[in-house]
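# Examination of the molecular architecture
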There are 2 protein chains.
Amino acid sequence: MAAEPQLDLGAIDRLVHEPARMGILSVLDGVAETDFLFLQRVLGLTKGNLSAHLAKLEAAGLVTARKAFVRNVPQTTLAITPAGREARVRHWAQLERVRDLGRPPG
Amino acid sequence: MAAEPQLDLGAIDRLVHEPARMGILSVLDGVAETDFLFLQRVLGLTKGNLSAHLAKLEAAGLVTARKAFVRNVPQTTLAITPAGREARVRHWAQLERVRDLGRPPG
(Lines give C-alpha, C1' and ligand atoms only; values in the text may rest on other atoms or scores of the structure.)
Protein backbone atom coordinates (compact mmCIF):
# COMPACT_ATOMS: atom_id res chain seq x y z
CA MET A 1 0.00 0.00 0.00
CA ALA A 2 1.58 3.31 -1.18
CA ALA A 3 1.99 5.85 1.61
CA GLU A 4 0.44 8.85 -0.13
CA PRO A 5 -3.15 9.91 0.57
CA GLN A 6 -5.35 7.42 -1.26
CA LEU A 7 -8.41 9.70 -1.16
CA ASP A 8 -9.63 12.96 0.35
CA LEU A 9 -11.73 11.93 3.33
CA GLY A 10 -12.71 15.56 3.74
CA ALA A 11 -14.47 15.43 0.35
CA ILE A 12 -17.05 12.96 1.66
CA ASP A 13 -20.25 15.00 1.79
CA ARG A 14 -21.44 14.93 5.40
CA LEU A 15 -24.87 16.08 4.27
CA VAL A 16 -25.26 12.87 2.26
CA HIS A 17 -23.24 10.66 4.64
CA GLU A 18 -25.68 10.90 7.55
CA PRO A 19 -27.35 7.44 7.70
CA ALA A 20 -30.98 8.62 7.61
CA ARG A 21 -30.25 10.87 4.64
CA MET A 22 -28.40 8.02 2.92
CA GLY A 23 -31.58 5.99 3.43
CA ILE A 24 -33.83 8.74 2.08
CA LEU A 25 -31.73 9.10 -1.09
CA SER A 26 -31.63 5.31 -1.53
CA VAL A 27 -35.41 4.95 -1.35
CA LEU A 28 -36.03 7.97 -3.58
CA ASP A 29 -33.45 6.74 -6.10
CA GLY A 30 -35.52 3.61 -6.57
CA VAL A 31 -38.84 5.33 -7.34
CA ALA A 32 -40.07 8.17 -9.55
CA GLU A 33 -41.59 9.77 -6.47
CA THR A 34 -43.17 8.71 -3.21
CA ASP A 35 -45.10 10.18 -0.33
CA PHE A 36 -43.91 11.28 3.10
CA LEU A 37 -45.78 8.61 5.07
CA PHE A 38 -44.37 5.79 2.95
CA LEU A 39 -40.85 7.16 3.39
CA GLN A 40 -41.42 7.53 7.11
CA ARG A 41 -42.56 3.93 7.44
CA VAL A 42 -39.83 2.37 5.26
CA LEU A 43 -37.09 4.24 7.14
CA GLY A 44 -38.66 3.88 10.57
CA LEU A 45 -38.11 7.57 11.31
CA THR A 46 -40.25 9.95 13.37
CA LYS A 47 -42.20 12.63 11.50
CA GLY A 48 -40.03 15.37 12.93
CA ASN A 49 -36.78 13.53 12.19
CA LEU A 50 -37.75 12.84 8.59
CA SER A 51 -38.96 16.42 8.06
CA ALA A 52 -35.66 17.81 9.34
CA HIS A 53 -33.59 15.56 7.08
CA LEU A 54 -35.79 16.30 4.05
CA ALA A 55 -35.50 20.04 4.69
CA LYS A 56 -31.69 19.78 4.56
CA LEU A 57 -31.74 17.67 1.39
CA GLU A 58 -34.25 20.02 -0.23
CA ALA A 59 -32.20 23.11 0.70
CA ALA A 60 -29.21 21.46 -1.00
CA GLY A 61 -31.26 20.76 -4.12
CA LEU A 62 -30.98 17.00 -3.78
CA VAL A 63 -34.72 16.30 -3.36
CA THR A 64 -37.97 18.09 -4.15
CA ALA A 65 -41.07 18.15 -1.94
CA ARG A 66 -44.47 18.91 -3.50
CA LYS A 67 -47.34 19.64 -1.11
CA ALA A 68 -51.01 19.22 -2.14
CA PHE A 69 -54.43 18.39 -0.68
CA VAL A 70 -55.74 14.98 -1.70
CA ARG A 71 -59.41 14.55 -0.70
CA ASN A 72 -58.87 17.42 1.78
CA VAL A 73 -55.89 15.65 3.33
CA PRO A 74 -52.48 17.37 3.03
CA GLN A 75 -49.99 15.15 1.21
CA THR A 76 -46.27 15.68 0.56
CA THR A 77 -44.74 13.98 -2.47
CA LEU A 78 -40.97 13.55 -2.52
CA ALA A 79 -38.63 12.96 -5.44
CA ILE A 80 -34.86 12.86 -5.91
CA THR A 81 -33.33 15.42 -8.27
CA PRO A 82 -30.63 14.74 -10.89
CA ALA A 83 -28.19 16.44 -8.50
CA GLY A 84 -29.41 14.09 -5.76
CA ARG A 85 -28.72 11.03 -7.93
CA GLU A 86 -25.26 12.36 -8.78
CA ALA A 87 -24.48 13.07 -5.12
CA ARG A 88 -25.54 9.54 -4.22
CA VAL A 89 -23.42 7.92 -6.95
CA ARG A 90 -20.41 10.07 -5.96
CA HIS A 91 -20.89 9.23 -2.27
CA TRP A 92 -21.03 5.46 -2.87
CA ALA A 93 -17.95 5.63 -5.09
CA GLN A 94 -16.10 7.38 -2.24
CA LEU A 95 -17.31 4.81 0.30
CA GLU A 96 -16.09 1.97 -1.95
CA ARG A 97 -12.66 3.64 -2.05
CA VAL A 98 -12.65 3.94 1.74
CA ARG A 99 -13.63 0.28 1.93
CA ASP A 100 -10.80 -0.73 -0.40
CA LEU A 101 -8.11 1.22 1.48
CA GLY A 102 -7.04 -1.93 3.26
CA ARG A 103 -6.89 -4.06 0.13
CA PRO A 104 -3.74 -4.43 -1.99
CA PRO A 105 -4.13 -2.72 -5.40
CA GLY A 106 -5.20 -4.82 -8.46
CA MET B 1 -41.26 -2.07 -1.68
CA ALA B 2 -43.01 -3.11 1.57
CA ALA B 3 -43.90 -0.17 3.82
CA GLU B 4 -42.51 -1.49 7.08
CA PRO B 5 -39.11 -0.36 8.39
CA GLN B 6 -36.51 -2.20 6.29
CA LEU B 7 -33.71 -1.61 8.80
CA ASP B 8 -32.92 0.27 11.98
CA LEU B 9 -31.01 3.34 10.87
CA GLY B 10 -30.41 4.14 14.51
CA ALA B 11 -28.36 0.94 14.84
CA ILE B 12 -25.68 2.28 12.52
CA ASP B 13 -22.72 2.90 14.81
CA ARG B 14 -21.84 6.58 14.49
CA LEU B 15 -18.45 5.90 16.05
CA VAL B 16 -17.59 3.66 13.09
CA HIS B 17 -19.59 5.64 10.48
CA GLU B 18 -17.44 8.77 10.66
CA PRO B 19 -15.47 8.78 7.37
CA ALA B 20 -11.98 9.14 8.86
CA ARG B 21 -12.66 6.32 11.31
CA MET B 22 -14.08 4.19 8.49
CA GLY B 23 -10.78 4.82 6.69
CA ILE B 24 -8.67 3.94 9.75
CA LEU B 25 -10.52 0.63 10.21
CA SER B 26 -10.22 -0.15 6.49
CA VAL B 27 -6.46 0.36 6.45
CA LEU B 28 -5.92 -1.54 9.71
CA ASP B 29 -8.15 -4.37 8.51
CA GLY B 30 -5.75 -4.93 5.62
CA VAL B 31 -2.56 -5.22 7.68
CA ALA B 32 -1.41 -7.05 10.82
CA GLU B 33 -0.32 -3.71 12.25
CA THR B 34 1.07 -0.42 11.01
CA ASP B 35 2.58 2.75 12.37
CA PHE B 36 1.00 6.14 13.04
CA LEU B 37 2.93 8.05 10.35
CA PHE B 38 1.99 5.57 7.63
CA LEU B 39 -1.68 5.77 8.65
CA GLN B 40 -1.48 9.55 8.73
CA ARG B 41 -0.03 9.68 5.21
CA VAL B 42 -2.40 7.14 3.65
CA LEU B 43 -5.46 8.89 5.08
CA GLY B 44 -4.16 12.42 4.56
CA LEU B 45 -5.14 13.41 8.09
CA THR B 46 -3.41 15.86 10.43
CA LYS B 47 -1.56 14.41 13.43
CA GLY B 48 -4.09 15.86 15.85
CA ASN B 49 -7.08 14.66 13.81
CA LEU B 50 -5.74 11.12 13.53
CA SER B 51 -4.83 11.03 17.23
CA ALA B 52 -8.36 12.10 18.22
CA HIS B 53 -10.00 9.46 16.01
CA LEU B 54 -7.63 6.74 17.23
CA ALA B 55 -8.33 7.65 20.86
CA LYS B 56 -12.06 7.14 20.28
CA LEU B 57 -11.54 3.82 18.49
CA GLU B 58 -9.12 2.65 21.19
CA ALA B 59 -11.53 3.65 23.99
CA ALA B 60 -14.19 1.53 22.26
CA GLY B 61 -11.81 -1.43 22.04
CA LEU B 62 -11.77 -1.43 18.23
CA VAL B 63 -8.04 -0.72 17.84
CA THR B 64 -4.91 -1.04 19.97
CA ALA B 65 -2.03 1.44 20.08
CA ARG B 66 1.41 0.29 21.26
CA LYS B 67 3.98 3.00 22.01
CA ALA B 68 7.74 2.31 21.99
CA PHE B 69 11.09 4.01 21.30
CA VAL B 70 12.80 2.83 18.13
CA ARG B 71 16.40 4.16 17.93
CA ASN B 72 15.38 6.79 20.48
CA VAL B 73 12.44 7.88 18.34
CA PRO B 74 8.90 7.42 19.78
CA GLN B 75 6.83 5.18 17.55
CA THR B 76 3.15 4.23 17.84
CA THR B 77 2.04 0.93 16.31
CA LEU B 78 -1.63 0.47 15.57
CA ALA B 79 -3.66 -2.69 15.04
CA ILE B 80 -7.33 -3.52 14.67
CA THR B 81 -8.89 -5.80 17.30
CA PRO B 82 -11.29 -8.70 16.64
CA ALA B 83 -14.07 -6.42 17.89
CA GLY B 84 -12.88 -3.81 15.39
CA ARG B 85 -13.08 -6.25 12.51
CA GLU B 86 -16.57 -7.33 13.61
CA ALA B 87 -17.72 -3.72 13.91
CA ARG B 88 -16.44 -3.03 10.41
CA VAL B 89 -18.13 -6.08 8.88
CA ARG B 90 -21.40 -5.20 10.65
CA HIS B 91 -21.18 -1.57 9.52
CA TRP B 92 -20.63 -2.46 5.85
CA ALA B 93 -23.51 -4.95 5.96
CA GLN B 94 -25.75 -2.15 7.26
CA LEU B 95 -24.54 0.27 4.58
CA GLU B 96 -25.28 -2.32 1.88
CA ARG B 97 -28.82 -2.61 3.24
CA VAL B 98 -29.19 1.17 3.17
CA ARG B 99 -27.90 1.15 -0.39
CA ASP B 100 -30.41 -1.53 -1.41
CA LEU B 101 -33.42 0.25 0.12
CA GLY B 102 -34.34 1.64 -3.28
CA ARG B 103 -34.01 -1.67 -5.10
CA PRO B 104 -36.90 -4.10 -5.55
CA PRO B 105 -36.40 -7.30 -3.51
CA GLY B 106 -34.84 -10.40 -5.21
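Residues numbered from 1 in each chain as written. Chains lettered and ligands numbered in written order. Predicted model: local features only at pLDDT ≥ 70, side-chain atom pairs only at ≥ 80, totals over all residues. Heavy atoms only, no water.

Per an unreviewed UniProt entry, chain A carries the name DNA-binding transcriptional ArsR family regulator and comes from Microlunatus capsulatus.

Scanning chain A from terminus to terminus reveals five helices and three strands. Going from the N terminus to the C terminus, chain A shows its helices and strands as α-α-β-α-α-β-β-α. For chain A, whose C-alpha radius of gyration is 17 Å, the value lies well above the compact-globule estimate of 13 Å for 106 residues. Structurally, chain A occupies a C-alpha span of about 60 × 25 × 20 Å along its principal axes. Here chain A holds 106 residues, and the buried ones make up 43% of them. The contacts in chain A between residues at least 6 apart in sequence include a share of 58% that link residues at least 24 apart. Carbon and sulfur atoms make up 55% of the accessible area of chain A, which amounts to about 5,600 Å² in all. (Helix = DSSP H or I, 4+ residues; strand = E, 2+ residues; numbered from the N terminus. Rg over C-alpha atoms; globule rule 2.2 N^0.38 Å. Buried < 20%, exposed > 50% of the residue type's maximum accessible area, 1.4 Å probe, protein only. Contact = heavy atoms within 4.5 Å. Areas by Shrake-Rupley, 256 points an atom, 1.4 Å probe, with all protein chains shown as cover.)

Looking now at the side chain of T34(B). By the element assignment, T34(B) lies in strand β1 (residues 34-35). Sequence-distant contacts of T34(B), defined by excluding residues within four places in its chain, comprise L28(B), L39(B), T76(B), T77(B) and L78(B).

Residue and element names in this part refer to chain B. Read from one edge of the open sheet, three strands run β1-β3-β2, paired in antiparallel fashion. Two strands lie at the open edges of the sheet, namely β1 and β2 (63-70), each paired on one side alone. Strand direction decides the pairing type here: β1 and strand β3 (residues 73-80), joined by two bridges, are antiparallel. Across the sheet, residue D35 finds its bridge partner in β3, namely T77. Across the sheet, helix α2 (residues 19-29) touches β1, β2 and β3, and the angle it forms with β3 is around 90°. (Pairing = 2+ DSSP bridges. Axes fitted to C-alpha atoms, helices over the stretch in contact; angles between N-to-C directions.)

Judged by pairing direction, the sheet is antiparallel, and its three strands sit side by side in the order β1-β3-β2 (chain A) without closing on themselves. Each of the sheet's edge strands pairs with one partner strand only, and the pair in question is β1 (34-35) and β2 (63-70) of chain A.

This brings us to the pairing of strand β3 (residues 73-80) of chain A. Residues and elements named next belong to chain A. Here β2 runs beside β3; their pairing, made up of eight bridges, is antiparallel. Within the sheet, the bridge partner assigned to F69 lies in β3 and is P74. Turn length for the β2-β3 hairpin, with the two strands adjacent in sequence and antiparallel, is two residues, and the turn residue R71 shows positive phi of about 45°.

The transform that puts chain B on chain A rotates by 180° and translates by 0.0 Å along the axis, for an RMSD of 0.0 Å. Accordingly, the operation relating the two chain copies is best matched by a two-fold axis. (Least-squares fit on C-alpha atoms with pLDDT ≥ 70 in both.)

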